[in-house]
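Next come the chains, spelled out residue by residue.
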Amino acid sequence: METSHPLTPPIVAPSILSADFSRFAAELAVADPEREWVHCDVMDYHFVPNLTFGPIVVRAARKLTSAFLDVHLMIEEPLRSVAEFRAAGADEITVHVEACADVAATLAAVRAGGARVGLALKPGTPLAAAEPYLADLDLLLVMTVEPGFGGQVFMTEQMAKVEAAVEWRARRGAHFLIEVDGGIAPDTARIARAAGAEVFVAGHAIYRQSNPEIALATLRQAVR
Ligand code: DX5
Ligand code: ZN
């Protein structure tokens, strides 16, 4: 199932964390592989106080959709797992700078496996923590909630980090996309878009709406 994955912003990434897994195939089908990414939140009860799924579910998603699989690892020491998630079908693997004993080695392992390389920052982590790696990243994920749960309130103050990342990228000629994740709905997506965000992860604003297709279309409009 090969398709041309969208890499030109703006991109909306429905987060299956908020999906109904008893209808996994139908929920995945909400995302248009020509336009959207599918965001997969992996949690381990250690890096974050919640537990979700691992490579087995990513592998199932890979069979059910040709969409770009954007895998967000909220796990301690992700270096141990990047090869497994890549083998399961991840197109991009994002690790948290706070979770890695050796950030450079972890990013290098993602690159070596052939996936696009993402680095995530918790709300309390400054952009400076990512600066040593930004030049080589494909994606910088600025968390707009504390990672761990869907349905939280968007942290507007994180927009300063998005703006600083835009500025850093322009100054250094880097190429990473800027993704925001947490509390994204049409109103907050517009705020993030104005700050310079390019990829918009949304769980509740899509899957917890009465019509996820319409909710997704509304989000697409909001970030256009
Ligand atoms: C939170 C996850 C998010 C989550 C966002 O730790 O990383 O991807 O799905 O959910 P909403 O869009 O409901 O805030
Ligand atoms: Zn996420």
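You'll find the structure just up there.
I will try to describe carefully the structure that is included in this document. Each residue is numbered by its place in its chain's sequence as written, counting from 1. Chain letters start at A and ligand numbers start at 1, both assigned in the order the entries are written. Owing to the predicted nature of the model, reporting of local features is limited to residues with pLDDT of at least 70; listing and counting of side-chain atom pairs is limited to 80 or more, with chain, interface and lining totals taken over all residues. Only hydrogens and water are set aside when side-chain values are computed; all heavy atoms of the structure are taken into account.

1. What to know about the packing of aromatic side chains
Phase 1 of the analysis: To pair, rings of Phe, Tyr and Trp, with the six-membered ring standing in for Trp, must have centres within 6.5 Å; the planes then decide the type, stacked if under 30 degrees apart, edge-to-face if over 60, and tilted in the middle. The final tally for this structure, using the stated rule, is four aromatic pairs.
Phase 2 of the analysis: Ring geometry for Phe21 against Phe24: centres 4.9 Å apart, planes inclined by 15°, an arrangement best described as stacked.
Phase 3 of the analysis: Only protein chains enter the calculation, and the probe is 1.4 Å; a residue is then buried if its accessible area is under 20% of its type maximum, exposed if over 50%, and partly exposed in between. Given the relative accessible area of 11%, Phe24 is considered buried.
Phase 4 of the analysis: Between the aromatic rings of Phe21 and Phe53, the centroid separation amounts to 6.0 Å while the plane-to-plane angle is 45°, which identifies the pairing as tilted. On the criterion of sequence distance, the pair formed by Phe21 in the loop between β1 (11-14) and α1 (24-28) and Phe53 in the loop between β2 (37-43) and α2 (55-64) is long-range, its members being 32 residues apart.
Phase 5 of the analysis: By way of ring pairs, the aromatic residues Phe21, Phe24 and Phe53 are connected into one cluster.
Phase 6 of the analysis: One Lys or Arg, Lys122, reaches over the ring of Phe47 and ends 5.0 Å from the middle of that ring.
Phase 7 of the analysis: For a Lys NZ or an Arg CZ to count as sitting over a ring, it must be within 6 Å of the ring centre and within 35 degrees of the ring normal. A cation over an aromatic ring shows up here: Arg169 above the ring of Phe176, its NZ or CZ 5.6 Å from the ring centre. Secondary structure counts use DSSP, requiring at least four H or I residues in a row for a helix and at least two E residues in a row for a strand, with both numbered from the N terminus.

2. Regarding the pairing of strand β6 (residues 139-143)
Phase 1 of the analysis: Buried residues dominate β6, accounting for five of its five residues.
Phase 2 of the analysis: Burial of the side chains of β6 extends over both faces: Leu139, Leu141 and Met143 are buried on one face and Leu140 and Val142 on the other.
Phase 3 of the analysis: As paired strands, β6 and strand β7 (residues 177-181) are joined by five bridges and run parallel to one another. Of the residues in β7, the one forming a bridge with Leu141 is Glu179. Here a strand pair is declared whenever DSSP counts at least two bridges between the two strands.

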